[in-house]
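Descriptive analysis of the structure
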Amino acid sequence: MHTPVIGVLALQGDVREHLIALAAADAVARPVRRPEELAEVDALVLPGGESTTISKLAVLFGLMEPLRARVREGMPVYGTCAGLILLADKILDPRSGQETIGGIDMIVRRNAFGRQNESFEAAVGVKGVDGDPVEGVFIRAPWVESVGAAAEVLAEHDGHIVAVRQGNVLATSFHPELTGDHRVHALFVDMVRANRTPESL
């Protein structure tokens, strides 16, 4: 079976943890910092970090438009925390100069669960992930205020949407890469495999 090559946007944030989680989920994982590197991967993970900083660096490194183009073309993408914000079509409270890549018809609220000192862990049942609930690490986490008809809610916590999928695009408010439980990454790797056409295998 083809082993998918999945990039991790390596401009800022917890890149190393995603590379480890993807490798554990049977993918070839590579950092992506330039458009040429983006062109060589089957899919991409947008890590947690600071969404405004990541968006500004993506513009600076010439990655924002290529990222938007690849998402429009159907490249699978998974975003955690700040990555979820970047995949939203609309941010409720954007910072000055903040842009999104888009890809999910949803409205998100930044830092909705509180500041750094209010970070927490919680068990989250995620649709499509078998077995026990996933241990979600919420660090200055956003939540999803609302989704459009094309988006599917995969998980909620305290009445707020914290995991969403639309087509090939997956996003979580929490950080599964920090727990040693790689089932959400395995779900994404399965999405990437399913996206590949028979001709490309």
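As a reminder, the structure under discussion sits directly above these lines.
Residues numbered from 1 in each chain as written. Predicted model: local features only at pLDDT ≥ 70, side-chain atom pairs only at ≥ 80, totals over all residues. Heavy atoms only, no water.

So, on to the environment of D26. Examined against the element boundaries, D26 turns out to sit in the loop between α1 (15-24) and β2 (28-32). Spatially, the C-alpha atom of D26 lies 33 Å from that of D158, the residues being 132 residues apart in sequence. Setting aside chain neighbours within four positions, we find D26 in contact with T3, P4, V189 and R193. (Helix = DSSP H or I, 4+ residues; strand = E, 2+ residues; numbered from the N terminus. Contact = heavy atoms within 4.5 Å.)

Time to look at the pattern of salt bridges. Applying the stated criterion across every chain, the model contains ten salt bridges. A salt bridge links R109 to E145; its shortest N-O distance comes to 2.7 Å. Of this pair, R109 sits in strand β6 (residues 104-109) while E145 is found in strand β9 (residues 143-147), placing the two residues 36 residues apart along the sequence. With its nearest N and O atoms 2.7 Å apart, the salt bridge here joins D181 to R183. Of the residues examined, D181 reaches a relative accessible area of 19% and is grouped as buried. Connected through shared salt-bridge partners, R34, E36 and E37 make up one network. (Salt bridge = Lys/Arg side-chain N within 4 Å of Asp/Glu carboxyl O. Buried < 20%, exposed > 50% of the residue type's maximum accessible area, 1.4 Å probe, protein only.)

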